[in-house]
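A structural walkthrough
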There are 2 protein chains.
Amino acid sequence: MSLVECIPNFSEGRDSAVIQAIADAIASAGVHLLDVSSDADHNRTVITFAGEPDVVAEGAFRGVRAAAERINLAVHSGVHPRIGAADVVPFVPLRGVSMQVCAELAQATGARIAADLNLPVFLYEAAAKQPGRTNLANIRRGGYERLQARMQSDPAMQPDYGPATLGPAGAVVVGAREPLVAYNAYLDTDDVSIAKAIAKAVRASSGGLPFLKAIGLLVDGRAQVSMNVIDFRQISLHTVTEAVRAEATKHGTTVTRTELIGLVPQQALIDAAIESLALPANVRDLILEQRVGAATGNFQTIPFE
Amino acid sequence: MSLVECIPNFSEGRDSAVIQAIADAIASAGVHLLDVSSDADHNRTVITFAGEPDVVAEGAFRGVRAAAERINLAVHSGVHPRIGAADVVPFVPLRGVSMQVCAELAQATGARIAADLNLPVFLYEAAAKQPGRTNLANIRRGGYERLQARMQSDPAMQPDYGPATLGPAGAVVVGAREPLVAYNAYLDTDDVSIAKAIAKAVRASSGGLPFLKAIGLLVDGRAQVSMNVIDFRQISLHTVTEAVRAEATKHGTTVTRTELIGLVPQQALIDAAIESLALPANVRDLILEQRVGAATGNFQTIPFE
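Small disclaimer: the values here were computed from a predicted structure and weren't measured.

Here we look at the relation of the copies chain A and chain B
The two copies are related by a screw operation: chain A maps onto chain B through 180 degrees of rotation and 0.0 Å of translation along the axis, at an RMSD of 0.1 Å. When the rotation and shift are considered jointly, the pair of chain copies conforms to a two-fold rotation axis. An overlap of 100% is found between the interface residues of chain A and their copies at the interface of chain B, pointing to a shared contact surface.

Now the structure itself:
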């Protein structure tokens, strides 16, 4: 059985009726609905589902349609950057399927969204057809509010599919990527400038840690370093957390708590434990459940080979 | 399918032919052999296997018999306390089986070892029939060298089964317990007195952390705090490690690395990551692989309910 994961982000984190309608639309395609995580401050919901490639593509389309019918970006507020009702729709290969297959799935789904829903669609990361679009931040810069002007003035900002005009549902970014970990650290301060300074110090784009994206936000009245670990196999959550803690100390504050958005690959937690405990890397192969499962044949891991 | 784990410790960690013969004897019963971990300094091998209760009991008996035929405690040296060729044989309930079933399995296996191999057998932890034997350390104190004298002079040290006389294969401690984590921390010193002082400071028996046993040893020329985390659900590897690190600092040294002996339950690593990263406990329920497995039905965890 081949298995694709899809983790669309929707620009609604407060109205439970809207969130439920989107989740129901996705589930109606026959996917395995794995998680629905809403955040009121971000005003954003991350839905995680998985299944066979075609079923997952159908679920993604239905979720985007349900969101586009119900969410009006013109009256949307929230601290997280976003350009659409269905803001970003990534496909991730889990088992028995290549990144190329996921990229083609993203392209086909994007074309269908543009054709059937008349929305501008941008392809990103492994599904990108234009080099500047491998990075989501380039597409989303300035948010919904600036996107119409950017599409009109910047030839490089023409959508891959659909019209270059923006309605209340905004635009959709569709793509394929490796599994990422969405990870936020809360600081013991309400000074968002400290979160922004820490984000700048630790993120890859400004010379910090590789495979790390970070921005500073004010969430729940606390400064938050909001991060995406793009490849948890290359840089552990332990390394990320220690870097944020060290920067926080420089600014006279501390990390009070952290959180994950959506689901986390088990290996990301196990690797963090190995590093923080100073265990050897071969501990990955010394896990009782995995040995029992391999021996008895009734336990199957998702290896992210 | 009910599943019992057995993790016998044998007093041979150097002679690979002997170790192989014991592992082969265990495997011949039809168990799932999960791991063989040998340590030359400890001169000790931990074998992990699992299967249906009766099959596991047969494997344990065959392993004890193979060890008793090949290992002579009278000429054995090693830094770890031990009283027998097959030193300790714990049964652990994994799935669909109670602790009581494991205790009865231990008692039946102990009785058979005494009857067929003519060895003194002590029952411990959940299988203990005498109150002083819930703690393994009470039985093993003084090691093989002192056991004959203790059995002769102390009415409380009569074996549960078998003769009160010691041959070259020594005695066997058989029991049932919860899964434990065997975890060692190496210090940046060759002063074993520091490891002993740290062990005393952190272990439960002298007022340290609950559910933690610890002794100080000299291994590979380095001082080592050798620990058993008796219930990793009550005290995390992160807490244990931070406690050892804090004590090491007091003694002017550091923890250079740690190691696990045998296999580790996945939850012990995940809990360590949650604590060290300051994540909320509900992250245990946000693990992608477990959600996918539960949804698709082709992944089965060992919950240690």
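Looking at the side chain of Asn184 of chain B
Residue and element names in this part refer to chain B. Position of Asn184 among the secondary structure elements: in strand β8 (residues 181–187). Assessed through its relative accessible area of 1%, Asn184 is described here as buried. Within the local environment of Asn184, its side chain forms a polar contact with the backbone nitrogen of Met227, the two atoms lying 3.4 Å apart. Sequence-distant contacts of Asn184, that is, excluding residues within four places in its chain, are made with His42, Gln224, Val225, Ser226, Met227, Arg257, Thr258, Glu259 and Ile261.

Quick look at the confidence of the model for chain A
Residues and elements named next belong to chain A. Looking at chain A, pLDDT values average 93 and 97% of them are 70 or higher. Taken together, the stretch residues 299–305 has pLDDT below 50 and engages in 26 contacts with residues farther than four places along the chain or on a different chain. Predicted complex metrics record ipTM = 0.85 and pTM = 0.85.

Focus on the environment of Met99 of chain B
All names here are of chain B. Take Met99: it is sitting in helix α3 (residues 99–117). Met99 gets classed as partly exposed once you look at its relative accessible area, which sits at 21%. With 78 residues separating them along the chain, Met99 and Arg177 place their C-alpha atoms 7.2 Å apart. Sequence-distant contacts of Met99, defined by excluding residues within four places in its chain, comprise Pro93, Ala126, Ala176, Arg177 and Glu178.

A closer look at the packing of aromatic side chains
All names here are of chain B. Counted according to the given criterion, the structure contains 0 aromatic pairs over all chains. The ring of Phe61 carries the charged tip of Arg112 above its face, separated from the ring centre by 3.7 Å. Here Arg233 stacks its cationic end above the ring of Phe232, 5.3 Å away from the centre of that ring.

Some remarks on the nonpolar core
By size, the foremost hydrophobic cluster in this structure holds 94 residues, and its most contacted members are Leu269 of chain A together with Leu269 of chain B. When near neighbours in sequence (up to four residues on either side) are disregarded, Leu269 of chain B contacts Leu269, Ile270, Ala273, Leu277, Leu279, Val283 and Ile287 of chain A together with Leu237 and Val264 of chain B.

A word on helix α5 (residues 143–153) of chain A
All names here are of chain A. Turning to α5, its buried residues number three or more, namely Gly143, Tyr144, Leu147, Arg150 and Met151. Around the axis of α5, the buried residues are gathered within 105 degrees of arc, so they sit on the same side. Residues of α5 that are exposed and point over 90 degrees away from its buried face: Glu145, Gln152 and Ser153.

The rules behind these values
- Residues numbered from 1 in each chain as written.
- Chains lettered and ligands numbered in written order.
- Predicted model: local features only at pLDDT ≥ 70, side-chain atom pairs only at ≥ 80, totals over all residues.
- Heavy atoms only, no water.
- Least-squares fit on C-alpha atoms with pLDDT ≥ 70 in both.
- Contact = heavy atoms within 4.5 Å.
- Helix = DSSP H or I, 4+ residues; strand = E, 2+ residues; numbered from the N terminus.
- Buried < 20%, exposed > 50% of the residue type's maximum accessible area, 1.4 Å probe, protein only.
- Polar contact = N/O pair within 3.5 Å; in protein donor to acceptor, adjacent residues only side chain to side chain.
- pLDDT = per-residue confidence, 0-100.
- Phe/Tyr/Trp six-rings, centres within 6.5 Å; stacked < 30°, edge-to-face > 60°.
- Lys NZ or Arg CZ within 6 Å of the ring centre and 35° of its normal.
- Core = buried A, V, L, I, M, F, W, Y, C linked by side-chain atoms within 4.5 Å.
- Arc of directions from axis to C-beta.

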